[in-house]
Number of protein chains: 2
Amino acid sequence: MPTSHYGQPRYRLIADELRRRIEAGSIPRGSLLPPESSLTAEFNASRGTIRQAIALLRHEGIAITEHGRGTQVAAFLPGEEPPRSIDLERIHREVPADAELAAIFGINIGATLVRDEAVAREGAEVESVTRTYRRPRGGP
Amino acid sequence: MPTSHYGQPRYRLIADELRRRIEAGSIPRGSLLPPESSLTAEFNASRGTIRQAIALLRHEGIAITEHGRGTQVAAFLPGEEPPRSIDLERIHREVPADAELAAIFGINIGATLVRDEAVAREGAEVESVTRTYRRPRGGP
DNA sequence: AGAAATTTGTCCGTATGTATC
DNA sequence: AGATACATACGGACAAATTTC
């Protein structure tokens, strides 16, 4: 990626894009910015470049970075666009069967089931939670 | 030690080794990977490098990481297909939110949620139970 | 029920080498 | 040559979720 910066350095363009999302509400006030690692992936930029971009936002006072926690969008400037992006997040884990599930599967209560959970969000709001339970493959 | 580039960066080599162990079964499906601290010691690499390696496995869909818990090997590796569902049965009802769901939705424990349940059977055996929770439309 | 230990998440600072503008 | 960006790697520190005692 040789970079074709049209007059502007990359970190400035990235800062512009993040500022746009914040102003448009797609990154809600008071929420945490995606971590540097995510931004690195999304913008296909190095961490240093991302950090420069965030430093700009900090200077402008619209972001606050806390060591070990993340970068938070400032809370001021009320009301604007409702967020529309749908975010999916999947969690996979093993859970013990409760009475209801045990009855359906025909297994003992407390037996291990594999649960896949998908949380669908629109902006900050949770739209739905879908859980799929299966019996584990060849193991308790 | 910047890069000892013997063709590949270290995090990729480490990811290769972990993938090999998973496919060979020496790290079983559904089990937890050794913690980052152990891998750091074993591979004599920094934590960041280990995390990069694990991120690769996550991206490939063969590992799922949960905060505070660990990194779990997927129950099904991409490419191996779980058995297909045949019989489907749907149940719709209203249920009170337990603590976990309440936390996800950001509502009070006991608040009403709508639950759609689909039981997939293959012959007599239950293959999977899928439950989707949503907030009621305009209701309590 | 609560504290401690474990484990992952994130940020900070630094370093080296390479490629591109 | 210098500025910018990229890729990789290290170590330290604090934050937060989960498990364990």
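Structure first, text after, so check above.
These numbers were taken from a predicted model, which means no experiment stands behind them.

Enquirer: What should I look at first to understand the nonpolar core in this one?
Expert: What tends to happen in soluble globular proteins is that the nonpolar side chains get buried as a cluster. Counting 17 residues, the largest nonpolar core has Ile-14, Leu-18, Ile-22, Leu-33 and Ile-50 of chain B as its most contacted members. Of all the secondary-structure elements, those providing two or more residues to this core are helix 1 (10-24), helix 2 (36-43) and helix 3 (47-60) of chain B. What Ile-50 of chain B contacts, discounting residues up to four positions off in sequence, is Ile-14, Glu-36, Leu-39, Thr-40, Phe-43 and Ala-45 of chain B. Within the second largest apolar cluster, 16 residues are counted, among which are Ala-15, Ile-22, Phe-43 and Leu-57 of chain A.

Enquirer: Would you mind going over the interface of chain B and chain A with me for this structure?
Expert: Put simply, an interface is often sized by how much accessible area is lost when its parts join up. Taken together, the 28 residues of chain B in the interface contact 23 residues of chain A. Together chain B and chain A conceal approximately 2300 Å² of surface at their shared face, both sides included; 52% is due to carbon and sulfur atoms. Put simply, chain B and chain A have four salt bridges between them. Two residues, Glu-100 of chain B and Arg-115 of chain A, come together in a salt bridge whose shortest N-O distance is 2.9 Å. For the pair chain B and chain A, the interface holds four residue pairs in polar contact (both at pLDDT 80 or more).

Enquirer: Help me understand helix 2 of chain B, please; the structure alone is not making it clear to me.
Expert: One turn of the α-helix equals 3.6 residues, which is why residues spaced by three or four share an orientation. All names here are of chain B. Within helix 2 the residues assigned to the buried category are Glu-36, Leu-39 and Phe-43. Viewed along the axis of helix 2, the buried residues span an arc of 60 degrees, placing them on a single side of the element. Of the exposed residues in helix 2, the ones pointing more than 90 degrees away from its buried face are Ser-37 and Ala-41. Of the residues flanking the end of helix 2, it is Asn-44, one or two places downstream, whose phi is positive at about 50 degrees.

Enquirer: What should I look at first to understand the pattern of salt bridges in this one?
Expert: Any two side chains of opposite charge can pair, given that their charged atoms come close. Scanning all chains against the criterion turns up 16 salt bridges over all chains. Salt-bridge contacts for Arg-131 of chain A lead to Glu-100 of chain B; the nearest nitrogen and oxygen are separated by 3.6 Å. One end of the pair, Arg-131 of chain A, is in strand 5 (residues 125-134); the other, Glu-100 of chain B, is in helix 4 (residues 99-105), on a second chain. Judged by its relative accessible area of 33%, Glu-100 of chain B is partly exposed. Through salt bridges that share partners, Glu-17, Arg-20, Arg-21 and Glu-42 of chain B make up one connected network.

Enquirer: Even after reading the chapter, I still don't get unusual backbone geometry, so can you show me in this structure?
Expert: Working note: non-glycine residues mostly have negative phi, and peptide bonds are mostly trans. One non-glycine residue with positive phi stands out, namely Asn-44 of chain B, at about 50 degrees. By secondary structure assignment, the location of Asn-44 of chain B is in the loop between helix 2 and helix 3.

Enquirer: For this particular structure, what's the right way to read the packing of helix 2 of chain B against helix 3 of chain B?
Expert: The description of two helices packed together rests on the angle between their axes and the distance between the axes. All names here are of chain B. The N-to-C vectors of helix 2 and helix 3 enclose an angle of 110 degrees; their axes lie 9 Å apart at closest approach. Put simply, helix 2 runs roughly perpendicular to helix 3. Residues Glu-36, Leu-39, Thr-40 and Phe-43 of helix 2 pack against Arg-47, Ile-50, Arg-51 and Ile-54 of helix 3. Class assignment for the residues of the contact of helix 2 with helix 3 results in four nonpolar, one polar and three charged.

Conventions adopted
Residues numbered from 1 in each chain as written. Chains lettered and ligands numbered in written order. Predicted model: local features only at pLDDT ≥ 70, side-chain atom pairs only at ≥ 80, totals over all residues. Heavy atoms only, no water. Core = buried A, V, L, I, M, F, W, Y, C linked by side-chain atoms within 4.5 Å. Buried < 20%, exposed > 50% of the residue type's maximum accessible area, 1.4 Å probe, protein only. Helix = DSSP H or I, 4+ residues; strand = E, 2+ residues; numbered from the N terminus. Contact = heavy atoms within 4.5 Å. Buried area = accessible area lost by both parts, 1.4 Å probe. Salt bridge = Lys/Arg side-chain N within 4 Å of Asp/Glu carboxyl O. Polar contact = N/O pair within 3.5 Å; in protein donor to acceptor, adjacent residues only side chain to side chain. Arc of directions from axis to C-beta. Axes fitted to C-alpha atoms, helices over the stretch in contact; angles between N-to-C directions. Parallel < 35°, antiparallel > 145°, perpendicular 65-115°, else oblique. Nonpolar A, V, L, I, M, F, W, Y, C, P; charged D, E, K, R; others polar.

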